[in-house]
Amino acid sequence: MKESEFWARMEQALGGSYARVWASQHQLADLGDRTVDEALAAGLACKQVWRVVAAALELPPSDS
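Being a predicted model, the structure only gives us computed values, none of them experimental.

1. Quick notes on the environment of Pro61
Step number 1: Structurally, Pro61 can be placed in the segment after helix H4 (46-56).
Step number 2: Pro61 sits in the exposed class, given a relative accessible area of 71%.

Below is the structure:
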């Protein structure tokens, strides 16, 4: 998954303005208590991060 697709999915799930805020502030245990931004900066794959986000947001399987 490209980073542009990742952010498009984030915006679809959370809304354009809230997606970036959520990604910078919400720590996820499955990402080692890191935020999405921290996980991506650490080199985790976008697809891996998206799966964690999708689970945390309880998105339907078709969205993950």
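Let's pick the thread back up.
2. Considerations on helix H1 (residues 3-14)
Step number 1: Helix length check: H1, at 12 residues, gives a terminal C-alpha distance of 16 Å against a target of 16 Å (1.5 Å per residue), a fit within 8%.
Step number 2: Buried residues of H1: Phe6, Trp7, Met10 and Leu14, and no others. The arc that holds every buried residue of H1, seen down its axis, measures 90°, which confines them to one face. Those residues of H1 that are exposed and aimed more than 90 degrees away from the buried face are Ser4 and Gln12.

3. A closer look at H4
Step number 1: When we look at burial in H4, the residues that qualify are Cys46, Val49, Trp50, Val52, Val53 and Ala54.
Step number 2: The inward-facing, buried residues of H4 contact H1, helix H2 (16-25) and helix H3 (36-41).
Step number 3: Where H4 ends, the next residue or the one after it, Glu58, has phi of about 55°, a positive value.

4. Here's the deal with the nonpolar core
Note on soluble globular proteins: their nonpolar side chains tend to be buried together.
Step number 1: Membership of the largest hydrophobic core comes to 19 residues, with the highest contact counts inside it found for Phe6, Met10, Val36, Val49 and Val53.
Step number 2: Elements that contribute at least two residues to this core include exactly H1, H2, H3 and H4.
Step number 3: Looking at this core, the element that brings in the most residues is H4, giving six residues.
Step number 4: Contacts of Val53, omitting those with residues within four sequence positions, involve Met10, Trp22, Leu28 and Val36.

What counts, and where the lines are drawn
- Residues numbered from 1 in each chain as written.
- Predicted model: local features only at pLDDT ≥ 70, side-chain atom pairs only at ≥ 80, totals over all residues.
- Heavy atoms only, no water.
- Helix = DSSP H or I, 4+ residues; strand = E, 2+ residues; numbered from the N terminus.
- Buried < 20%, exposed > 50% of the residue type's maximum accessible area, 1.4 Å probe, protein only.
- Expected span 1.5 Å × (residues − 1).
- Arc of directions from axis to C-beta.
- Contact = heavy atoms within 4.5 Å.
- Core = buried A, V, L, I, M, F, W, Y, C linked by side-chain atoms within 4.5 Å.

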